[in-house]
Amino acid sequence: SWIWKESRDWKLSIHRQFSPDRLHKLDNIVKFYNTSDFAYRPKLLETGEDFLREEFIEWEIINTLSTFDMATIVNNIADLHKYHNQVQKLKDYLIHKSEFYVWTMASSESIKNAIAWYLHTLLMSVPKDATIHTGYIHKDIRPWNVIKRPNDELIFIDWEWVEFGHILADVQKIIHLFLQYDTKKLDVFMNNFAKKITEDREIVLMLDAFYYMMTTWLHLSKWKIDLEEFQRLMDFKFNSFIKWKLI
């Protein structure tokens, strides 16, 4: 993965060296920096064929979020999403994004089949001409990748996985990591977030269900949650899409 090296002036910058198999990720990061002026990230100071040097930020890891922090993250990721905004067909997008999870990452045939079944259920419900707006997403928002400056400004670091996608990919990551046990903050977050995107409610529910499934599986599989528990969680989330199986 990463090969980390701190420069001599480590209080001012961080030097990151990329192994040959990770150079495509360096290309993605450089394109992101060159095609957007997103403010909530370290400054890129220098790039080379296999390295980049970026600003070092004095930081504090975010373990808990205040209501103010929640609103700030909503605004920040919504601002990120506006860069290179593209329109894609929802069904094509779901199929493309699911390939990585279902066929590459699924840890067992039973989980793979369960994900494929719920994905099929979801695709059956997608309106034929439904479209979504996609843009840059961070894709790896975790407590150690969100830092707070002394002025309370929140900054996202570690852009190794930056790519095009829908903003709900980042939202579901935040929900699982920060908010899964705090329904009050979750309501505040989702109410603020709903005002920031252009899709109608039906499309948002479909995307939310899709990323809930993918994010839940990625996190819970580490804790060896069994298939029955996974299906229980999915049935709860997919209740508006599974009626057809009873017909």
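Cut-offs used in this document
- Residues numbered from 1 in each chain as written.
- Predicted model: local features only at pLDDT ≥ 70, side-chain atom pairs only at ≥ 80, totals over all residues.
- Heavy atoms only, no water.
- Helix = DSSP H or I, 4+ residues; strand = E, 2+ residues; numbered from the N terminus.
- Buried < 20%, exposed > 50% of the residue type's maximum accessible area, 1.4 Å probe, protein only.
- Contact = heavy atoms within 4.5 Å.
- Areas by Shrake-Rupley, 256 points an atom, 1.4 Å probe, with all protein chains shown as cover.
- Phe/Tyr/Trp six-rings, centres within 6.5 Å; stacked < 30°, edge-to-face > 60°.
- Lys NZ or Arg CZ within 6 Å of the ring centre and 35° of its normal.
- Salt bridge = Lys/Arg side-chain N within 4 Å of Asp/Glu carboxyl O.
- 1 Å grid on protein atoms, 1.4 Å probe; cavity = no way out; pocket = protein on both sides within 12 Å on 5 of 7 lines; lining within 4 Å.
- Points joined across faces, edges and corners; volume = space filled by probe spheres on them.
- Nonpolar A, V, L, I, M, F, W, Y, C, P; charged D, E, K, R; others polar.
- Core = buried A, V, L, I, M, F, W, Y, C linked by side-chain atoms within 4.5 Å.

**Considerations on the overall build of the protein chain**
Item 1. Within the protein chain, the regular secondary structure consists of eight helices and nine strands.
Item 2. Out of the 247 residues in the protein chain, the part that is buried amounts to 49%.
Item 3. Taking as baseline every contact in the protein chain between residues at least 6 positions apart, the subset at least 24 positions apart corresponds to 77%.
Item 4. Here the protein chain displays about 13400 Å² of accessible surface, and carbon together with sulfur accounts for 53% of that area.

**Quick look at the packing of aromatic side chains**
Item 1. On inspection of all chains with the given rule, the structure shows 10 aromatic pairs.
Item 2. With centroids separated by 5.8 Å and ring planes inclined at 65 degrees, the aromatic side chains of Phe 32 and Tyr 33 adopt a geometry described as edge-to-face. Exposure class is identical for Phe 32 and Tyr 33. Each is buried.
Item 3. A ring pair is formed by Trp 117 and Tyr 118, whose centres lie 5.0 Å apart and whose planes are at 90 degrees; its orientation type is edge-to-face.
Item 4. Residue classification places Tyr 118 among the buried residues on the basis of a relative accessible area of 4%.
Item 5. Among the aromatic residues, ring-to-ring pairing joins Phe 32, Tyr 33, Phe 38, Tyr 40, Tyr 136, Trp 159 and Phe 164 into one connected group.
Item 6. One residue, Arg 41, lies across the ring of Phe 32, its end atom 4.7 Å from the ring centre.

**Points about the pattern of salt bridges**
Item 1. For the structure on display, the rule yields 10 salt bridges.
Item 2. Measuring nitrogen to oxygen at the nearest pair gives 2.9 Å for the salt bridge that ties Glu 54 to Arg 16. Pair noted here: Glu 54 is in strand E4 (residues 51-55) and Arg 16 is in strand E2 (residues 13-18), with a separation of 38 residues, a long-range link.
Item 3. Assessed through its relative accessible area of 5%, Glu 54 is described here as buried.
Item 4. The closest approach of N and O atoms between Arg 149 and Glu 55, which form a salt bridge, is 3.2 Å. Highlighted residues: Arg 149 in the loop between strand E7 (146-148) and strand E8 (154-156) and Glu 55 in strand E4, separated in sequence by 94 residues.
Item 5. Classification of Arg 149 by relative accessible area gives partly exposed; the value is 21%.
Item 6. We classify Glu 55 as buried; its relative accessible area is 19%.
Item 7. It is possible to trace a salt-bridge network through shared partners that takes in Arg 16, Glu 54 and Asp 158.

**Some points on empty space enclosed by the protein**
Item 1. Under the definition given, this model contains one cavity of 30 Å³ or more.
Item 2. Quantified by volume, the largest cavity comes out at close to 40 Å³.
Item 3. Looking at the largest cavity, the residues that line it are Arg 16, Ile 29, Tyr 33, Leu 52, Glu 54, Asp 158 and Trp 159.
Item 4. Contributions of two or more residues to the lining of the largest cavity are made by helix H1 (23-35) and E4.
Item 5. Across the lining of the largest cavity, the residue classes tally to four nonpolar, no polar and three charged.

**Observations concerning the nonpolar core**
Note that soluble globular proteins tend to have their nonpolar side chains buried in a common cluster.
Item 1. One finds Leu 90, Leu 94, Trp 159, Phe 189 and Met 213 to be the most contacted residues of the largest nonpolar core, which totals 63 residues.
Item 2. For this core, the leading source of residues is helix H7 (residues 201-220), giving 11 residues.
Item 3. Discounting chain neighbours no more than four positions away, the residues touching Leu 94 are Leu 119, Leu 122, Leu 123, Val 126, Leu 207 and Phe 210.

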